[in-house]
There are 2 protein chains.
Amino acid sequence: MKLSFRQATATDLPLLIKMLADDRLGKQREDSSTPLNKAYIQAFKQIDSDPNNQLILAQSEQQVVGMLQLTFIPYLTHTGSWRCLIEGVRIDRELRGKGIGNQLIQWAIKQARENDCNIVQLTSDKQRPEAISFYESLGFKASHEGFKLVLKTANNA
Amino acid sequence: MKLSFRQATATDLPLLIKMLADDRLGKQREDSSTPLNKAYIQAFKQIDSDPNNQLILAQSEQQVVGMLQLTFIPYLTHTGSWRCLIEGVRIDRELRGKGIGNQLIQWAIKQARENDCNIVQLTSDKQRPEAISFYESLGFKASHEGFKLVLKTANNA
């Protein structure tokens, strides 16, 4: 499948929220009601206005088939280095197993290299064994424990 | 021990680099030579100029005893939410076991709450079992695998 990649725009939001909610874990924490929960619109504005955050879509012809968010972070560690953090990876449920995730993550790794990052990192829920195998197949090492402390659950603004 | 917390300034850099390098894993990837490697100065400027990144010091009276970096990240996930990512946690080697790390992380969690974050997250190297027990004792859950893909090793600019 031939894919192209671009930054998301505000008009993509309803489709993106649908994709985030159409997921075993995501459906517990996303709000797929219409009109769109204002918290999503606010979050999109914050992402879109920050040059170190990029909300990326994968398209096949005109159809959005996948998404992720990249965050570029400057650190003192590793002798002063940039890292690229990947989060919120989703592939259209109907189109899984066709290599879209592979192309999307490879594209993200290329962006990280072009932005002079030393490390690409992400965390993957231990409840997603297939995702864990997928990232290992791409060369990622599960060298770290991914700790989360939940302060509050989903916004319902 | 009574601690105070503040953002790091450029004059703190030599001490911070010494602290980052004075570590079993850090010594392999930091450059403690003088004059300071320019990559650290450049990284500090990038951190300091980004309101979503904060390099924080813990002080006991006038002595710097610990450090960490906070990154605040806006996400669409969890119904549009902010997360606080903690990285580069170090405590002065001579002062470990005195509860400094506990106070420092508790302070970071408080910052995350004040900045309306839903989640505080961090990754901890599986080669640091004592750190893993420490974060678990603070209520963090190792619910995720922490994946890293190293694109290049430390800068030697």
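Here, every reference points to the structure presented above.
Residues numbered from 1 in each chain as written. Chains lettered and ligands numbered in written order. Predicted model: local features only at pLDDT ≥ 70, side-chain atom pairs only at ≥ 80, totals over all residues. Heavy atoms only, no water.

### Describing helix 1 (residues 13-21) of chain A
Thought 1: Inspection of helix 1 of chain A places Leu13(A), Leu16(A), Ile17(A), Met19(A), Leu20(A) and Ala21(A) among the buried residues, and these make up the whole buried set.
Thought 2: Buried-residue contacts for helix 1 of chain A involve helix 2 (38-48), strand 2 (53-60), strand 3 (63-75) and strand 4 (81-91) of chain A. (Buried < 20%, exposed > 50% of the residue type's maximum accessible area, 1.4 Å probe, protein only. Helix = DSSP H or I, 4+ residues; strand = E, 2+ residues; numbered from the N terminus. Contact = heavy atoms within 4.5 Å.)

### Some details on the relation of the copies chain B and chain A
Thought 1: In screw terms, the move from chain B to chain A is a rotation of 180° and a rise of 0.0 Å along the axis, fitting with an RMSD of 0.0 Å. This pairing of chains is accounted for by a two-fold axis. The rotation axis passes nearest to the C-alpha of Gly146(B) in chain B, at a distance of 2.2 Å.
Thought 2: Interface overlap between copies is the fraction of interface residues in one copy that are interface residues in the other; for chain B against chain A it reaches 100%, indicating a shared surface. (Least-squares fit on C-alpha atoms with pLDDT ≥ 70 in both.)

### Focus on the pattern of salt bridges
Thought 1: Scanning the entire structure with this criterion turns up 16 salt bridges over all chains.
Thought 2: For the salt bridge of Asp22(A) with Arg93(A), the shortest nitrogen-to-oxygen distance reads 2.8 Å. With Asp22(A) in the loop between helix 1 and helix 2 and Arg93(A) in the loop between strand 4 and helix 3 (100-114), the pair connects residues that are 71 residues apart, well separated along the chain.
Thought 3: Among the residues examined, Asp22(A) registers a relative accessible area of 33% and is labelled partly exposed.
Thought 4: Given a relative accessible area of 42%, Arg93(A) falls into the partly exposed group.
Thought 5: Across the salt bridge formed by Asp23(B) and Arg128(B), the nearest N and O atoms sit 3.0 Å from each other. Taken together, the positions of Asp23(B) in the loop between helix 1 (13-21) and helix 2 (38-48) and Arg128(B) in the loop between strand 5 (117-125) and helix 4 (129-137) put the pair 105 residues apart, joining distant regions of the chain.
Thought 6: Residue classification places Asp23(B) among the buried residues on the basis of a relative accessible area of 7%.
Thought 7: Taken together, the shared-partner salt bridges in this structure form one network comprising Asp23(A), Arg90(A) and Arg128(A). (Salt bridge = Lys/Arg side-chain N within 4 Å of Asp/Glu carboxyl O.)

### A short note on the environment of Asn37(B)
Residues and elements named next belong to chain B.
Thought 1: Tracing the backbone shows Asn 37 in the loop between helix 1 and helix 2.
Thought 2: In this structure Asn 37 comes out as buried when scored by relative accessible area, which is 6%.
Thought 3: C-alpha separation for the pair Asn 37 and Ile 119, spaced 82 residues apart in sequence, amounts to 34 Å.

### Some thoughts on the interface of chain B and chain A
Interface size, as often reported, equals the accessible area lost upon joining of the parts.
Thought 1: Taken together, the contact pairs 70 residues of chain B with 70 residues of chain A.
Thought 2: A buried area of about 6300 Å², summed over both sides, lies between chain B and chain A, and 58% of it is on carbon and sulfur atoms.
Thought 3: Three residues stand out in chain B for area buried against chain A, namely Leu76(B), Thr79(B) and Phe147(B), and they jointly supply 15% of the buried area on that side.
Thought 4: Of the charged contacts, one joins Asp116(B) and Lys152(A) as a salt bridge, the two residues approaching to 2.4 Å between their closest N and O atoms.
Thought 5: Linking chain B with chain A are 40 residue pairs in polar contact (both at pLDDT 80 or more), by the criterion used here.
Thought 6: The element contributing the most residues to the side of chain B that touches chain A is strand 6 (residues 141-150) of chain B, with 10 residues.
Thought 7: Taken together, the residues of the side of chain B that touches chain A break down into 33 nonpolar, 22 polar and 15 charged.
Thought 8: By the bridge criterion, five bridges tie strand 6 (residues 141-150) of chain A to strand 6 of chain B in an arrangement that is antiparallel. Residue pairing in the sheet places Glu145(A) in a bridge with Glu145(B) of strand 6 of chain B. (Buried area = accessible area lost by both parts, 1.4 Å probe. Polar contact = N/O pair within 3.5 Å; in protein donor to acceptor, adjacent residues only side chain to side chain. Nonpolar A, V, L, I, M, F, W, Y, C, P; charged D, E, K, R; others polar. Pairing = 2+ DSSP bridges.)

### Considering the sheet that holds strand 3 (residues 63-75) of chain B
Thought 1: Taken in spatial order, the 12 strands of this open sheet run 1(A)-2(A)-3(A)-4(A)-5(A)-6(B)-6(A)-5(B)-4(B)-3(B)-2(B)-1(B), and their pairing is mixed. In this open sheet, the two edge strands, each paired with only one partner strand, are strand 1 (4-7) of chain A together with strand 1 (4-7) of chain B. On average, each strand axis in the sheet is tilted by 30° relative to the strand beside it, whichever way the strands run.
Thought 2: As defined by bridge partners, strand 1 of chain B adjoins strand 2 (residues 53-60) of chain B across four bridges and the pair is classed as antiparallel. Each residue of the ladder has a partner; that of Phe5(B), found in strand 2 of chain B, is Ala58(B).
Thought 3: Sitting on the sheet, helix 2 of chain B is in contact with strand 3 and strand 4 of chain A together with strand 2 and strand 3 of chain B, with an inclination near 120° to strand 3 of chain A. (Axes fitted to C-alpha atoms, helices over the stretch in contact; angles between N-to-C directions.)

### Comments concerning the pairing of strand 4 of chain A
All names here are of chain A.
Thought 1: Counted residue by residue, strand 4 has 10 buried out of 11 residues, so it is predominantly covered.
Thought 2: Bridging between strand 3 and strand 4 involves nine bridges; their strand directions are antiparallel. Opposite Gln 69, over in strand 4, you have Glu 87 as the bridge partner.
Thought 3: Assessed by its sense of winding, the connection that carries the chain from strand 4 through helix 3 to strand 5 (residues 117-125) is right-handed. (Right-handed = clockwise from strand over helix to strand, strands pointing away.)

So far we have only geometry, and geometry alone does not tell us how the molecule works.
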